[in-house]
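Letter by letter, the chains look like this.
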Amino acid sequence: MKRLVQRLIYWIQNIVKKRTDAVVLIGLGLVFVSVFSYPNIAVAKPLTPEATTKYQVPDADSKIDIDDKKPVENLKESFKETKDTIVEKLNLNEPLPESTKDFLRSTEDKIEDTFEPITGK
């Protein structure tokens, strides 16, 4: 019986040791792959020439010129360009159509009618 218990303990120790070794090797492999892999894996190139010209997509290998002497001015310029792009793409500089104004007015009226029984006003 003592011999059987010793074999069982030895067998369990071997399994634990093998699993630990496997986990350590897998972890080291993942670290190695992440450290020495190509840094721009998630950079996608545009599929059509229109996408490149319309949205001004920089090439994945291009470097962005940044003047280190004026970081605040560079940031302001970047924000201004981003704001201009958003305003242009969403047509925020155009007036609201009359149909949209009518919809908003009707929504305000429905809100008042809906909450009147609750608020009593």
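Refer to the structure presented above.
Residues numbered from 1 in each chain as written. Predicted model: local features only at pLDDT ≥ 70, side-chain atom pairs only at ≥ 80, totals over all residues. Heavy atoms only, no water.

A.B. asks: Got a minute to help me understand the overall build of the protein chain in this structure?
C.D. replies: Of the regular secondary structure elements, the protein chain holds four helices and zero strands. Ordering the α and β elements of the protein chain from the N terminus gives α-α-α-α. Counting only residues that meet the buried cut, the protein chain has 0% of its 121 residues in that class. Total accessible area computed for the protein chain in this model is approximately 12,000 Å², and 63% of it derives from carbon and sulfur atoms. (Helix = DSSP H or I, 4+ residues; strand = E, 2+ residues; numbered from the N terminus. Buried < 20%, exposed > 50% of the residue type's maximum accessible area, 1.4 Å probe, protein only. Areas by Shrake-Rupley, 256 points an atom, 1.4 Å probe, with all protein chains shown as cover.)

A.B. asks: Is there a simple way to explain a nonpolar patch on the surface in this structure?
C.D. replies: A cluster of nonpolar side chains, Val31, Phe32, Val33, Val35 and Phe36, forms an exposed patch at the surface whose accessible area comes to about 540 Å². Mapped onto the fold, Val35 is located in helix H1 (residues 2–36). (Patch = residues over 30% accessible without salt bridge, like charges linked within 9 Å, V, L, I, M, F, W, Y side chains within 5 Å. Salt bridge = Lys/Arg side-chain N within 4 Å of Asp/Glu carboxyl O.)

A.B. asks: Sorry if this is basic, but what is going on with unusual backbone geometry here?
C.D. replies: Leaving glycine out, the prevailing phi sign among residues is negative, and the prevailing peptide bond configuration is trans. With a phi angle near 55°, Asn91 is a residue other than glycine that sits in the positive phi range. Its place among the elements puts Asn91 in the loop between helix H3 (71–90) and helix H4 (98–119). Accessibility expressed as a relative area gives 41% for Asn91, which makes it partly exposed.

A.B. asks: Sorry if this is basic, but what is going on with H3 here?
C.D. replies: A turn of α-helix holds 3.6 residues, and therefore any two residues three or four places apart point the same way. Given a rise of 1.5 Å per residue, 20 residues ought to cover 28 Å, and the 28 Å separating the end C-alpha atoms of H3 matches this to within 8%. One or two positions beyond H3, positive phi appears at Asn91, with a value near 55°. (Expected span 1.5 Å × (residues − 1).)

A.B. asks: Help me understand the pattern of salt bridges in this model?
C.D. replies: One pass over the structure, following the stated rule, counts four salt bridges. For the salt bridge of Glu98 with Arg105, the shortest nitrogen-to-oxygen distance reads 3.6 Å. Overall, the relative accessible area of 43% leaves Arg105 in the partly exposed class. In this structure, the salt-bridge partner of Arg105 is Asp102, at a minimum N-O distance of 2.8 Å. Taken together, the positions of Arg105 and Asp102, both in helix H4 and three residues apart, correspond to about one turn of that helix. On the basis of relative accessibility, which here comes to 38%, the residue Asp102 falls in the partly exposed class.

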